[in-house]
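A closer look at the structure
Residue-level listing of the chains:
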Amino acid sequence: MTLSLPIDPEANRLLERSPLALLTGMVLDQQIPLEKAFTSPYVLAQRLGHDPDARELAGYDPEVLVEIFARPPALHRFPKAMAARVQQVCQVLVDRYDGDAARLWSDAADGRELLRRIGELPGFGKQKAQIFVALLGKRYDVRPDGWREAAGGYGDADAYRSVADITDPESLRRVRESKQAAKAAAKAAKG
């Protein structure tokens, strides 16, 4: 089972074969539509001329990387900040996981360790880390003991709360409805 988003089939295939592309999509998944966030690793690969590599991106000239991110169509609405964020995440991968994004999860002892590792990445708060744990468990069969508990409500089998739950247009619609309802509830609680 893998992620199946309503995006270019080649972009979906990159997310299937490249752990770094998947992680990059999750890094970018904020303040833009999720389709844009998870398509951007494919656009980045096209601009680089090959699949992204953590060592290469960590060592990239920051100004050149910003230029790559900002070139129309920009990979994110905040290309400078997100180019830096991707570069920071890649540096952590190089420093701790020998540049191999899959090692972030492949040798985690249990769900708690997996959540901790993801949560230590730049830009990953608790919610984003839990969503990524759920995404790995539900769509990529990364299921160390306790992964559902570590993912919180995002790990529930029929949650329809995040990108982890999208398998087709209907599930995408349900996730969007769930997010809208959560935003309305949060707004009502403040008001």
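Above: the structure in question.
This text gives an overview of the structure that appears in the document. Source: prediction; values computed, not measured. Residue numbering note: each chain is counted from 1, following its sequence as written. Thresholds applied to this predicted model are a pLDDT of at least 70 for local features of residues and 80 or more for the giving and counting of side-chain atom pairs; totals over whole chains, interfaces and linings are not thresholded and use all residues. Note: side-chain values were computed over all heavy atoms of the structure, leaving out hydrogens and water.

Describing the overall build of the protein
The criterion, for reference: Counting from the N terminus, the helices are DSSP H or I runs at least four residues long and the strands are E runs at least two residues long. In this setup the radius of gyration rests on C-alpha atoms only. A globule is expected at 2.2 Å times the number of residues raised to 0.38. Note on exposure labels: buried denotes an accessible area under 20% of the residue type's maximum, exposed denotes more than 50%, and partly exposed covers the range between, all computed with a 1.4 Å probe on protein chains only. Residues count as neighbours in contact if any of their non-hydrogen atoms are within 4.5 Å of one another. Using a 1.4 Å probe, accessible areas were evaluated by the Shrake-Rupley method; residue-level cover was limited to the displayed protein chains.
Helix and strand content of the protein: 11 helices and 0 strands. Walking the protein from its N terminus toward its C terminus, one meets helices and strands in the order α-α-α-α-α-α-α-α-α-α-α. Its C-alpha atoms give the protein a radius of gyration of 16 Å, near enough to 16 Å, the size a compact globule of 191 residues would have. In terms of principal-axis extent, the alpha carbons of the protein reach across some 45 × 40 × 35 Å. Across the 191 residues of the protein, 50% fall into the buried class. A separation of at least 24 residues holds for 57% of the contacts in the protein among residues at least 6 apart in sequence. If you sum the accessible surface of the protein, you get close to 9300 Å²; carbon and sulfur atoms cover 49% of it.

Examining the environment of D53
We count it as follows: As used in this structure description, the phrase polar contact means that two N or O atoms lie within 3.5 Å; if the pair is within protein, one of them must be able to donate a hydrogen and the other to accept it, and residues adjacent in sequence are counted only when both atoms belong to side chains.
Within the secondary structure, D53 is located in the loop between α3 (34-48) and α4 (54-59). Using a relative accessible area of 35% as the deciding quantity, one classes D53 as partly exposed. Within the local environment of D53, its side chain forms a polar contact with the backbone nitrogen of E56, the two atoms lying 2.9 Å apart.

Describing the nonpolar core
Where we set the bar: Residues grouped as a nonpolar core are buried Ala, Val, Leu, Ile, Met, Phe, Trp, Tyr and Cys residues, joined through side-chain atoms within 4.5 Å.
Membership of the largest hydrophobic core comes to 66 residues, with the highest contact counts inside it found for L3, L23, F38, I118, F132 and V163. When residues of this core are assigned to their parent elements, the largest contribution, 9 residues, is made by helix α6 (residues 79-97). With residues up to four places along the chain from it excluded, the contact list for L3 reads N12, L15, E16, L22, F38, L135, R139, Y140, V163 and I166.

Thoughts on helix α1 (residues 9-17)
Along an α-helix, residues three or four apart share an orientation, since each turn contains 3.6 residues. Rules: To obtain the arc, one takes the directions from the helix axis to the C-beta atoms.
Regarding α1, the residues found buried are A11, N12, L14 and L15. Down the axis of α1, the smallest arc covering the buried residues is 155°, so these residues share one side. The inward-facing, buried residues of α1 contact α2 (19-28), α3 and α9 (126-140).

Quick look at the environment of A84
Mapped onto the secondary structure, A84 falls in helix α6. Assessed through its relative accessible area of 32%, A84 is described here as partly exposed. Between the alpha carbons of A84 and P122 there is a distance of 9.9 Å; along the sequence they are 38 residues apart.

A closer look at the side chain of S171
One can find S171 in helix α11 (residues 169-190). Only 2.7 Å separates the side chain of S171 from the backbone nitrogen of T167, close enough to count as a polar contact. Setting aside its immediate chain neighbours within four residues, S171 contacts Y160, D165 and I166.

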